[in-house]
Amino acid sequence: MAGFVHLHLHTEYSLLDGACRLRELPRRIRELHQDAVAITDHGVLYGAVEFYKACKKEGVRPIIGCEVYVAPRTRFDKVHQADSRPYHLILLCENEEGYKNLIKLVSAGFTEGFYGKPRVDEELLQRYHQGLICLSACLAGEIPRKLAAGDYNEARSAALRYRAIFGRENYFLEVQDHGIPEQKKILPLLRRLSNETGIPLCATNDCHYLSREDAKVQNVLVCIQTNATVSEGSPLSFPTDEFYVKSREEMEAALPDFSDALDNTEKIAARFKLDREDLVVKNSYMYCDALDMCFFFLNGRTPAFAYAGYTVVRSADANGGLVKAFAKADEVLRYMAEYQEKEAATQ
C-alpha cells in the first residue's frame, strides 16, 4: 500500500497561525499509518527540539525544516511596497550539514533581512544550500505566484534558478489543492513545468491544524494576529477547511492526477539522515539566536515579541549546553524591563 509523508506543516510555533499541537501531532501521524512528518514553521526553528523529542517518543521519524521568507530583491532592500511581499520557500534538513545551514539561514533572516518578517535572499541560499532539500511552497511561493499572474516564462526561469542553487536532486515543485480557484488554475501549469524541465513534483497539504474540526480554532488565532473579530473575518483567514493533516486516501482524492507527486513524499522522506539527538537537542545555536532575536525586536520595536522568544527558550528542557542561553534569557528580561520603563517615562 502506498504511503504519504507530510512535508509542509505548521505547528503552534508558527505563532498565531499554526494550530498543530506538537504533543498531539505524532500520535495523529501514527493513527494515519504514516511513519514520518516534517515541521516547517514560518521563518523560525523554535519548535525543532520539542518536535524532535515528541516524534521520537512516538516512533515517528522527525524531519526538521522551515518555511522561509525570500526577499524579492535582496535581504538588505527594505522599501515599502517594493519589498513588502516576500516569497515563501520550504527548506528541509537532509543531514547534519543541512541542519546547521538552516540555522544560519534562519538567524540571518532576523539579523540581516528583517523587514516585517525575517527574510533570506538568493545570495544566502547559494551560500548555505548544502544539505537542504527545497520545495517551491504554496501560492505565496515565487513560482506559484508568477504562474497565477500569467507569467509562465518568468515562473520557468525562477524554477530553473532554484534548481541550479539546490541541485537537480534537491528541488521539487510543490502541488496543493485545498479547493482554492488559484490552485486549480496553476496545477496543470505546474505539471507542464515539470514535464518541460524535468523538475519532479511533490504533493503537500500546507497543514495548519490536525483535523478538519480544528479549522475554527485556527481561524481564531489568525483573527487575534490581525486584530479582527471572528464575525468580521480576517484578511488572512483561510478560504476552506482543508488545511489539515490528511491520510493518503484524502490526498489522492484532492490530487487524483498526481500520484507521482504523492509517491515522491516518501522518497524524499527516506533521504533524511538527521538522527542525532545530541545534535538537535543540545545544539545551542537556535536558542542563542532566538535570544539575539529578542534583542533585535527590543531595539525600537515591541517587547511582546521579545517576551514570546524568551518564553520559548525558558520553557525548553534544561539540557546540557543551554546554560549560556538561560543566562542570556535573564539578561533579556532585565533589558525588557528597562525598555518598558523608558517607554512609560515618555508617555
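This text follows the structure it describes.
Here, residues in each chain are numbered from 1, in the same order as that chain's written sequence. Local features in this predicted model are restricted to residues of pLDDT 70 or higher, and side-chain atom pairs are both shown and tallied only at a pLDDT of 80 or more, whereas totals for entire chains, interfaces and linings draw on every residue. Calculated side-chain values reflect all of the structure's heavy atoms, with hydrogen atoms and water omitted.

**Considerations on the overall build of the protein**
Assigned secondary structure in the protein consists of 14 helices and 7 strands. Taking all 347 residues of the protein together, the buried fraction comes to 54%. Taking contacts inside the protein between residues at least 6 apart in sequence as the whole, the part at least 24 apart equals 76%. Here the accessible surface of atoms and residues is derived via Shrake-Rupley with a 1.4 Å probe, and residues count as covered only by protein chains that are part of the display. Of the roughly 15,400 Å² of accessible surface on the protein, a fraction of 50% belongs to carbon and sulfur atoms. For the purposes of this entry, the term helix denotes a DSSP run of H or I that reaches at least four residues, the term strand denotes a run of E that reaches at least two, and both are numbered from the N terminus. Per-residue accessibility, obtained with a 1.4 Å probe over protein chains only, is compared with the maximum for each type, and a residue is labelled buried under 20%, exposed over 50%, and partly exposed between these values. The criterion used for residue contact is that any of the two residues' heavy atoms lie within 4.5 Å.

**A closer look at the pattern of salt bridges**
One side-chain nitrogen of Lys or Arg within 4 Å of one carboxyl oxygen of Asp or Glu is enough to make a salt bridge. Inspection of the entire model under this criterion finds 23 salt bridges. Among the salt bridges present, the one from R75 reaches E123, with a minimum N-O distance of 2.9 Å. Within this pair, whereas R75 is found in the loop between β2 (61–70) and β3 (87–93), its partner E123 is found in helix α4 (residues 122–127), the two being separated by 48 residues in sequence. The exposure class of E123 is partly exposed, given its relative accessible area of 34%. Between E252 and R248 there is a salt bridge, with the nearest N and O atoms lying 2.9 Å from each other. Here E252 pairs with R248, and both are found in helix α9 (residues 248–254), just 4 residues apart, close to one helical turn.

**As for helix α6 (residues 152–166)**
Helix length check: α6 (15 residues) gives 21 Å between terminal C-alpha atoms against 21 Å at 1.5 Å per residue, within 8%. For α6, the set of buried residues is Y152, A155, A158, A159, Y162, R163, I165 and F166. Along α6, the residues classed as buried sweep out an arc of 160 degrees about the axis, all on the same side. More than 90 degrees from the buried face of α6, the exposed residues found are N153 and A164. Where α6 ends, the next residue or the one after it, G167, has phi of about 105 degrees, a positive value. Expected span of a helix, by definition, is 1.5 Å for each gap between consecutive residues, and there is one gap fewer than residues. What the arc describes is the spread of directions from the helix axis to the C-beta atoms.

**Side note on unusual backbone geometry**
Of note, Q81 is a non-glycine position whose phi angle comes to about 75 degrees, a positive value. Unlike most non-glycine residues, D206 shows phi in positive territory, near 45 degrees. Along the chain, D206 falls in the loop between β7 (201–203) and α8 (215–225).

**Re helix α2 (residues 48–58)**
Among all positions in α2, only A48, V49, F51, Y52, A54 and C55 are buried. Among the residues trailing α2, G59 stands out with phi positive, at a value near 75 degrees.

**Some details on the environment of R75**
We classify R75 as buried; its relative accessible area is 5%. Between the alpha carbons of R75 and A108 there is a distance of 9.2 Å; along the sequence they are 33 residues apart. Non-local contacts of R75, meaning those with residues more than four positions away in its chain, are made with E112, G113, R119, V120, D121, E123, L124 and R127. Whenever a nitrogen or oxygen atom comes within 3.5 Å of another N or O atom, the pair is scored as a polar contact, on the condition that within protein one atom can donate a hydrogen and the other can accept it, and that pairs from neighbouring residues in sequence are kept only if both atoms are in side chains. Side chain to side chain, R75 and E123 meet in a polar contact 2.9 Å long.

**A short note on the packing of aromatic side chains**
Stacked, tilted and edge-to-face are the three classes assigned to paired rings of Phe, Tyr and Trp, where Trp is represented by its six-membered ring and a pair needs centres within 6.5 Å; plane angles under 30 degrees give stacked, over 60 edge-to-face, the rest tilted. Under the criterion given, the structure shown has 3 aromatic pairs. Ring centres of F110 and F114 lie 6.0 Å apart, and the angle between their planes is 15 degrees; on these two criteria the pair is classed as stacked. An identical accessibility class is assigned to F110 and F114; each is buried. Seen from their ring centres, F238 and F243 are 4.5 Å apart, and the 50 degrees between their planes marks the pair as tilted. Here F238 falls in the partly exposed class, since its relative accessible area comes to 24%. A ring is scored as having a charge over it whenever the NZ atom of a lysine or the CZ atom of an arginine sits within 6 Å of its centre and within 35 degrees of its normal. Across from the ring centre of Y162, 5.4 Å away, lies the NZ or CZ of R161, which sits over that ring. Over the face of the ring belonging to Y152 we find R192, whose NZ or CZ atom lies 3.8 Å from the ring centre.

**Considerations on a nonpolar patch on the surface**
Patch membership needs two things, relative accessible area over 30% and no salt bridge, and members are linked within 9 Å if like-charged or within 5 Å if nonpolar (Val, Leu, Ile, Met, Phe, Trp, Tyr). Taken together, the side chains of L15, L16, V220, I224 and V230 make up a nonpolar region of the molecular surface, amounting to roughly 410 Å² of accessible area. Inspection of the secondary structure assignment puts L15 in the segment before α1 (25–31).

**Concerning the environment of R156**
Summarising the element assignment, R156 is placed in helix α6. A residue is classified by how much of its surface remains accessible, and R156, at 29% relative accessible area, is partly exposed. Residues R156 and S194, 38 residues apart in the sequence, show an inter-C-alpha distance of 9.4 Å. Not counting residues up to four positions away in its chain, the partners in contact with R156 are L193, E196 and T197.

**What about the nonpolar core?**
For this analysis, a nonpolar core means a set of buried residues of the types Ala, Val, Leu, Ile, Met, Phe, Trp, Tyr and Cys, connected via side-chain atoms within 4.5 Å. In terms of nonpolar packing, the biggest core is built from 69 residues, with L91, L125 and I143 touching the most fellow members. Sequence-distant contacts of L91, that is, excluding residues within four places in its chain, are made with G65, C66, V68, L102, L105, L125, L132, I133, C134 and F166.

**Overview of the state of the cysteines**
Our working definition of a disulfide is a cysteine sulfur pair at a distance within 2.5 Å. What the rule picks out here adds up to 0 disulfides. Here C207 is not disulfide-linked; the sulfur of C20 is the nearest cysteine sulfur, at 5.9 Å. Taking the relative accessible area as the measure of exposure, C207 reaches 0% and is therefore buried.

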